[in-house]
Amino acid sequence: MQLKKRNWLVVISTLVILVLLAGLAGNNAVRSSFPQVEGTIQLKGLDGPVTVYRDSLGVPHIYATTMHDLFMAQGFTHAQDRFWQMDFWRHTGSGRLSEMFGKGQLETDMFLRTLGWRELAEQEYNSADPEAKAIMQAYADGVNAYLQDRQGAELSLEYVILGLLTPSYRPEPWTPVHSLTWAKAMAWDLKGNINQEIERAILLKTLPAEYVDELYPPYPEDHPVIVPVIGENASAASSPTPYTAAQAISISQLDAVRVRLAALEALLGPSGNDIGSNNWVVSGELTSTGKPLLADDPHLGIQMPSIWYQVALHCHPVSDSCPYNVTGFSFAGVPGVIVGHNDHIAWGVTNVGPDVMDLFIEKINPENPNQYEYMGEWVDMDIRTETIQVGGGEPVEIEIRSTIHGPIISDVFGPLKPRAVATDGPELPFNERTAGVEFPEQYAIALRWTALEPTKVFRAVWSFNKAKNWDEFRAAAADFAVPAQNLVYADIEGNIGYQMPGTIPIRKNGDGRLPVPGWTGEYDWLGYVAYEELPYVFNPESGYVATANNQVEPREGYPYLISTDYDWGYRAKRIVELIENAPGPIDVAYFQKMHADAYDGSAAFLVPYLLDVEMTQAELVGTRRLLEGWDYQMTADSAPAALYAAFWNRFLTNTFADDLPEGMAPTGSSRWFEVMRRIIDDNNSHWFDDVTTPDVVETRDQVMLASFEQAIVDVKIRLRADLTQWRWGDLHVANFENQTLGQSGIAPIEALFNRGGFGTGGGASIVNATGWRVGQGFEVTSVPSFRMIVDFSNFNNSLGIHTTGQSGHAYHPHYIDMAPIWAGVGYAPMLWSESEVSGAAASVLQLVP
């Protein structure tokens with residue numbers, strides 16, 4: 001995030017001090033925040049002693065005799081390693097970033113306050129059951145025990161810098177509500193199709209409807225769905241609704257909303273089809289040990305430190321009053337393990353990507369801006385006032401308005417503007433003059449989203465942590481409302497399964513692909529799909545379940561709309577192929593190869609066409625030979641991969657950028673794979689013609705030739721002239737940036753916290769999903785945020801790794817030590833038994849009352 005520089009004196013002073021700090025990176029000035037991991041620490045409030053073993057990568061294994069002590073120790077441990085991250089996340093979830101970073105974050109806070117995450121979190125806490133409240137309070141007590149008597153550099157190096165920029169800021173005590181707000185931020189990160197909804201509406205102002213359909217193709221018939229069959233008596237699923245008059249609204253406010261969403265992506269991480277995940281589980285019928293294997297790798301925006309914190313929580317002994325015995329990956333700031341295994345079951349997650357957000361166009365009363373029309377009557381809006389505290393500035397009061405459909409999100413972007421009616425340009429289908437719908441002179445945009453209702457997501461997580469069988473797991477999953485996840489499952493009895501949970505709306509009309517009129521009531525939500533009617537499978541005949549954000553429901557026969565914007569299934573297809581074509585019984589090593597698989601499905605259908613393009617220049621012909629016989633693997637050491645990526649970057653841009661509005665260039669995700677696959681056979685497709693050259697009609701082969709020439713130049717500039725020295729990993733580099741000060745715009749500050757230069761294989765819509773954005777260079781933008789393999793023949797053989805390191809403290813030995821392992825698709829043991837854990841411990845800490 002760009003910091004507001006209050007005056008040059010502060011900036012100059014900051015830079016001088018930072019130079020001194022950089023020189024003292026190994027000194028106590030920086031090391032003062034490093035946590036104590038050996039010896040004994042007294043914590044007031046513990047029931048008894050707690051032992052914390054840390055392994056060679058700093059992963060803690062916590063052993064406690066009571067549930068209270070277990071979660072109190074987890075809160076303490078999280079705060080030891082990641083409190084700055086926790087502090088930042090709680091301010092994000094509450095819309096209070098301006099308190100930390102000043103008025104530069106005011107607009108972001110205004111938008112987040114409008115969504116009301118903090119208010120929802122308070123409602124969720126008030127309605128929580130006693131056990132959930134006890135878990136959250138014990139965790140908060142642990143965090144606060146660490147905060148006691150610590151401030152500034154003793155908490156983290158970032159607070160030294162923040163003290164120069166916002167001298168008045170002091171971290172407040174942790175509360176259970178702070179943990180709950182993080183679920184809302186995560187739901188936003190995996191929010192669904194709001195971007196596509198806005199893009200379609202904008203595209204329909206400039207392109208014919210049939211062209212827009214071509215840019216959003218249906219899910220491919222030759223790609224797998226997760227649940228092929230659901231019952232024999234299900235009614236037919238509905239087809240997508242044709243584009244309607246909703247596309248005719250003025251795009252001024254929609255475009256403003258799109259800009260704000262892009263700003264939130266910079267804060268919370270990118271969204272879209274690169275943000276998803278892979279998981280798969282195979283039964284013992286397919287494995288070398290006769291026991292299940294389960295794999296998971298969630299794909300999220302690249303960041304420093306990792307979004308995940310690996311931890312093991314062991315009640316010692318396990319009992320009815322202390323039932324937790326679980327290991328895996330957690331969020332710093334939240335008690336429990338989000339993904340992992342216990343002594344009975346394992347589970348993995350990928351994002352479903354359901355359509356759970358709708359934009360409603362509300363008709364505003366010209367004589368009273370706080371009234372909107374609904375079902376023929378003027379209705380008063382719900383209005384609340386909030387005050388945003390601004391570090392180094394005066395408090396700002398904002399007014400938040402809501403309708404029956406949800407908060408007015410367009411208020412954040414300025415006053416309402418009169419409807420803008422286009423009067424020039426060609427007549428387009430369904431425009432304002434032909435649609436037969438009279439749009440309001442004044443309107444606002446309201447957001448209906450399932451995450452703006454109270455949920456019990458973390459109760460689901462804590463129930464997963466102690467579930468013993470499929471029935472208990474499914475019962476827990478019923479609480480996993482938002483964000484909806486594809487949950488794969490295995491247990492020690494040899495069972496495997498899949499459950500899709502989530503709050504999925506049932507619409508009166510429409511399919512959520514476009515903003516809709518709110519004043520008629522015709523597009524309201526009628527309710528939600530019952531949990532028992534959501535897709536699931538248990539012990540499928542195939543012996544496996546694989547998900548990769550692809551279509552969940554059967555192609556026919558499912559009565560409810562889940563989404564029209566699934567990932568287009570290239571990763572899913574490859575995963576299924578690898579399982580079904582395994583050379584023998586599947587083992588952990590084969591799962592590792594699957595995680596590392598870098599097969600590019602777009603190259604498989606594009607390269608043959610490129611090899612047929614007529615080329616006369618010797619350099620082009622010679623360079624193209626790199627692609628002959630290539631296996632389409634985007635491995636880090638591959639020269640053909642570097643060449644192909646550069647070609648794809650140019651070819652996709654040259655084909656579509658001239659047809660799209662500003663700011664809507666193709667990104668290269670699975671959607672664009674499928675768009676290109678559907679037109680590539682047609683040498684004369686209208687998409688290949690460059691609309692900026694009206695006197696020339698370009699063909700596919702011409703665009704391919706020009707793109708290939710440009711690609712060679714691009715690679716030479718970035719790498720070197722000698723093509724035998726080209727490596728995809730030299731272009732495709734993972735740079736981990738601190739989400740706050742690491743994006744400050746002040747180079748010396750960024751150098752303190754950011755780490756990079758990790759060459760990787762993989763790419764967008766590849767199983768090794770190290771995403772990058774076409775038109776924005778080849779740097780990694782989204783990552784497999786952890787990789788996990790659970791071996792039910794022996795939990796000690798399980799493997800895991802996340803992206804950066806356990807520590808959030810710059811210059812700590814565990815700040816970036818996982819990154820080289822992760823970049824090479826390596827792993828570390830996920831040790832399970834206490835004898836293995838204690839034997840491999842690099843440090844032992846005793847927490848005592």
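A word on the environment of Val 691. By secondary structure assignment, the location of Val 691 is in the loop between α20 (670-679) and α21 (700-718). Residues Val 691 and Asp 658 lie 33 residues apart in sequence; the distance between their C-alpha atoms is 6.3 Å. Sequence-distant contacts of Val 691, that is, excluding residues within four places in its chain, are made with Asp 658 and Asp 659.

Here the focus is α20. Of all the 10 residues making up α20, eight are buried; the element is thus mostly covered by neighbouring parts of the structure. For α20, the elements touching its buried residues are α10 (194-203), α11 (209-215), α15 (570-580), α17 (601-612) and α19 (639-656).

Right, let's talk about the nonpolar core for a bit. The nonpolar side chains of a soluble globular protein tend to be buried with one another. Counting 221 residues, the largest nonpolar core has Leu 215, Trp 449, Tyr 644, Trp 648, Phe 656, Met 676 and Leu 847 as the members making the most contacts within it. When neighbours within four sequence positions are excluded, Trp 449 is seen to be in contact with Trp 117, Lys 184, Ala 187, Trp 188, Lys 191, Val 356, Met 357 and Trp 525. Leu 293, Val 767, Ile 789 and Val 825 belong to the second largest nonpolar core, which has 22 residues in total.

Summarising the element assignment, Ser 156 is placed in the loop between α7 (130-147) and α8 (157-165). By relative accessible area, Ser 156 is classed as buried at 1%. Linking Ser 156 and Phe 34, residues 122 residues apart in sequence, is a C-alpha distance of 8.0 Å. A distance of 2.4 Å separates a polar atom in the side chain of Ser 156 from a polar atom in the side chain of Glu 158.

At a minimum axis separation of 10 Å, α17 and α20 run at an interaxial angle of 25°. Taken as axis vectors, α17 and α20 run roughly parallel relative to one another. Along this stretch, α17 crosses α20, giving a crossing that reads as left-handed. Here α17 contributes Gly 601, Ser 602, Phe 605 and Leu 606 to the contact with α20, which in turn contributes Phe 673, Met 676 and Arg 677. A per-class count over the contact of α17 with α20 returns four nonpolar, two polar and one charged.

What follows covers the packing of aromatic side chains. Tallying each qualifying case throughout the model produces 45 aromatic pairs. Judged by centre distance (5.8 Å) and plane angle (50°), the rings of Trp 347 and Phe 464 are tilted. Taken together, the residues Trp 347 in strand β9 (residues 345-351) and Phe 464 in helix α13 (residues 457-466) connect sequence positions 117 residues apart. This pair shows no difference in class: Trp 347 is buried, exactly as Phe 464 is. Among the aromatic residues, those joined into a ring-pair cluster are Tyr 599, Trp 630, Tyr 632, Tyr 644, Phe 647, Phe 651, Phe 688 and Phe 708. Over the ring of Tyr 125 we find Lys 133, and its NZ or CZ is 5.2 Å from the ring centre. Stacked on the ring of Tyr 811, the Lys or Arg Arg 755 has its end atom at 4.9 Å from the ring centre.

With that settled, the discussion passes to the state of the cysteines. Under the definition given, this model contains one disulfide. Across the disulfide, Cys 315 is cross-linked to Cys 322 (sulfur-sulfur distance 2.0 Å). Taking the sign of the torsion about the S-S bond as the criterion, the disulfide between Cys 315 and Cys 322, at about -80°, is left-handed. As far as the burial class goes, Cys 315 and Cys 322 line up, both buried.

Judged by pairing direction, the sheet is mixed, and its 11 strands sit side by side in the order β1-β30-β2-β3-β6-β7-β8-β9-β17-β18-β22 without closing on themselves. One side of each edge strand has no neighbouring strand; the edge strands of this open sheet are β1 (39-42) and β22 (536-538). Strand after strand, the sheet turns through a mean of 15° between neighbouring axes, direction not considered. Looking at chain direction, strand β8 (residues 339-342) and β9 are connected through two bridges and run antiparallel. Residue pairing across strands places Gly 340 opposite Trp 347, the latter belonging to β9. Taken strand by strand, helix α14 (residues 470-477) contacts β9, β17 (485-491), β18 (496-499) and β22, and its axis lies near 160° from that of β17.

Reading guide: rules and limits
- Residues numbered from 1 in each chain as written.
- Predicted model: local features only at pLDDT ≥ 70, side-chain atom pairs only at ≥ 80, totals over all residues.
- Heavy atoms only, no water.
- Helix = DSSP H or I, 4+ residues; strand = E, 2+ residues; numbered from the N terminus.
- Contact = heavy atoms within 4.5 Å.
- Buried < 20%, exposed > 50% of the residue type's maximum accessible area, 1.4 Å probe, protein only.
- Core = buried A, V, L, I, M, F, W, Y, C linked by side-chain atoms within 4.5 Å.
- Polar contact = N/O pair within 3.5 Å; in protein donor to acceptor, adjacent residues only side chain to side chain.
- Axes fitted to C-alpha atoms, helices over the stretch in contact; angles between N-to-C directions.
- Parallel < 35°, antiparallel > 145°, perpendicular 65-115°, else oblique.
- Left-handed = near helix turned anticlockwise from the far one by under 90°.
- Nonpolar A, V, L, I, M, F, W, Y, C, P; charged D, E, K, R; others polar.
- Phe/Tyr/Trp six-rings, centres within 6.5 Å; stacked < 30°, edge-to-face > 60°.
- Lys NZ or Arg CZ within 6 Å of the ring centre and 35° of its normal.
- Disulfide = S-S within 2.5 Å.
- Pairing = 2+ DSSP bridges.

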